[in-house]
Structure formats: structure tokens, C-alpha cells
Amino acid sequence: MAKQRILYVSPEIAPYLPASEIATLGRDLPVAMHGKKYEVRTFMPNFGNVNERRNQLHEVIRLSGINIPIRDADHPLIIKVASMQPSRIQVYFIDNDDYFQKLDDDVDSIGTNRPDNDERVIFFSRGTADTARKLRWEPDILHVSGWIAALVPLYAKKVFSDGVSFKGTRVVYSLLDEKPAETIDPDFLDKLSEDGIKPEDLELFKDMPANTNLLHKVGIANSDAVIFNNRTPDPELVEFVEKLGLPLLFLNPEEDNTDKYHEFYQSLLANED
């Protein structure tokens, strides 16, 4: 029997970014599932403070070179890869000089204070979903974490669902103890429409305030299940998940949740239509 596959999309992964609770989870969860005999791959943004030389990143030419248009500008997509040691799990980095190079006024590794965070989410999410499709490595579970990756479920299910890449994939969206984006452009949904997202796929969100919870709600609504891996789950988001009737798991980030993740994944795969 073939091994089941999990594709993780994380905002931070240690040791590529400085040690933090989220970066440690981004490393430890894939390693733990690899230890349970899943095949695992991971994606993250190539933020400017990733040391490419020390971590031995190299460009994947066959996956790079396309442009992602957002409004009136084309933004080149560069894909780099490294192997997480000692597990040798492949980590794919979504790179672009416009959105991920470190700026002097960034308040953290992710740049949560940038005014173009909505465009960064669009670029990273579309680039991730498109690159995963090109890999022709169909995951059984697509586990997406953090607001920077919030649109990955949307692109996987609404834009790149016509091929085999995500056929039968169960999408899990995780909420973390992360700093929210400080600003989201009110034209965010218009930018998605310009990128080919159908109006009916955005109808649910049209009257919602443009903030981080809007990003999360788009991610949640296009997923098959949700995990709150944070100390204080947002009641607004919990209510949103419950109204959609999605399977829901609450975890304490201070605990070892390896077995709970595994059991949750298996429950979703067992219920696959």
C-alpha cells in the first residue's frame, strides 16, 4: 500500500527562520508525520532573512520563471528548494523580490506591518498552489497554516482543481498564535476577481471588513476541516467554522499533539467521499 502524502504550507519553518513557537511547529510537525510513515513535503515564503547559503537553497529552474499578475504589475515567481536535515524532507520556498525581501521598516520576519500584505498573500498562495500542481505529487492532506497562506485552499479548490493535483485532497486550515496583518487593502476581493476567482466564490465575503479574519475566513470556507492550535481561539472564527459545519479540532500549542494530528488526518481520509 502506497504511503499517504501530506503537503504542509507554513509561514515559518526552523531553522530557516529564527526559532519561535510557529517556526518550531513548522519543522516538528512534518518531521513527526514523516516518522509515522507519511510522505511529506513543505512550502514556505522565502523571507529576506532566510540565509540561502547556510541552508543550501537552490533554484528549481523548471518550476520558476512565470509571472503572477496583480493589478497592473507582473511579479516573477522564483522557486527554491532545500532539504530539512536530518529527515531530508523537501522544503520549497516561494520567492519574489517585490514581496519577500527584507525591508528596513519590517517589524518582524514576516513583515506584518506592510501595506501590501493582501497582495503578498495572493502571490504566495497562488504561487504555492500552482507549484504544487506542477510537482504532480498529489497530497492526501493539504495542511495550510497562517494568514500568509490563507488563500492556498481557494486556489487549490477553485483555480487548480481541474487536473489530478488536488483530486481527492482533504484540505486542513490551521489557526496559530501569530501576529495579525496590520492592514488589508479594502480592494482585496476585487484583486481576487481580477485573478480569475468567480464572483460566486467571493459572495460570502463581500460585506466583511478587510482584516486578517477575512483572510482566515476565505481559508476556512475553502477547507474541509479546521484546527485551532492557539491558546485563545477567536470566537468569531469558531462561530464561522461551526456555521459551515466543518470538522473542528482544538489543540494546546504547549503540548505534543502528534497523535491528535495523525488521528484527525485519518478521520478525514476515512470520511472521504
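Predicted model only: the values in this text are computed from it and were never measured.

Participant: Tell me about the nonpolar core, residues and numbers included.
Facilitator: Of all hydrophobic cores here, the largest spans 87 residues; its most connected members are Tyr16 and Leu192. Of the residues forming this core, the biggest block, 7 residues, is contributed by helix α3 (residues 117–135). Once residues lying within four places of it in the same chain are set aside, the contact partners of leucine 192 are Ile122, Leu151, Leu154, Tyr155, Ile197 and Leu202.

Participant: So what's going on with the packing of aromatic side chains? Which residues, and what values?
Facilitator: On inspection of all chains with the given rule, the structure shows 9 aromatic pairs. An angle of 50° between the planes, with centres 5.5 Å apart, marks the rings of tyrosine 99 and phenylalanine 123 as tilted. With tyrosine 99 in helix α2 (residues 97–100) and phenylalanine 123 in helix α3, this pair connects stretches of sequence that are 24 residues apart. For phenylalanine 123, a relative accessible area of 0% translates into the label buried. Pairing tyrosine 261 with tyrosine 265 gives two aromatic rings, centres 6.2 Å apart and planes at 35°, and the pair type is tilted. You can see tyrosine 261 and its partner tyrosine 265 sitting in helix α8 (residues 258–270), 4 residues apart, about one turn around the helix. There is no split in this pair, since tyrosine 261 and tyrosine 265 are both buried. What links up through ring pairs into an aromatic cluster is the set Phe47, Tyr99, Phe100, Phe123 and Phe124.

Participant: Let's hear about the sheet that holds strand β3 (residues 58–59): which residues, and what values?
Facilitator: Spatial ordering of the open sheet is given by β3-β6-β7-β2-β1-β8-β9-β10-β11, a layout of 9 strands whose pairing is mixed. One side of each edge strand has no neighbouring strand; the edge strands of this open sheet are β3 and β11 (248–250). Each of β9 (170–176), β10 (225–229) and β11 touches helix α7 (residues 235–244); the most contacted strand, β10, lies at about 160° to it.

Participant: Run through the packing of helix α1 (residues 21–35) against α8, naming residues and quoting values.
Facilitator: One can describe the packing of α1 onto α8 by two numbers: an axis separation of 10 Å at closest approach and a directional angle of 65°. In the crossing of α1 with α8, the sense of the turn from one axis to the other is right-handed. Within the contact between the two elements, α1 uses Leu25, Leu29, Ala32 and Met33 and α8 uses Thr258, Tyr261, His262 and Tyr265.

Rules behind the numbers
- Residues numbered from 1 in each chain as written.
- Predicted model: local features only at pLDDT ≥ 70, side-chain atom pairs only at ≥ 80, totals over all residues.
- Heavy atoms only, no water.
- Core = buried A, V, L, I, M, F, W, Y, C linked by side-chain atoms within 4.5 Å.
- Buried < 20%, exposed > 50% of the residue type's maximum accessible area, 1.4 Å probe, protein only.
- Helix = DSSP H or I, 4+ residues; strand = E, 2+ residues; numbered from the N terminus.
- Contact = heavy atoms within 4.5 Å.
- Phe/Tyr/Trp six-rings, centres within 6.5 Å; stacked < 30°, edge-to-face > 60°.
- Pairing = 2+ DSSP bridges.
- Axes fitted to C-alpha atoms, helices over the stretch in contact; angles between N-to-C directions.
- Left-handed = near helix turned anticlockwise from the far one by under 90°.

Purely spatial values, then, with no claim about function.
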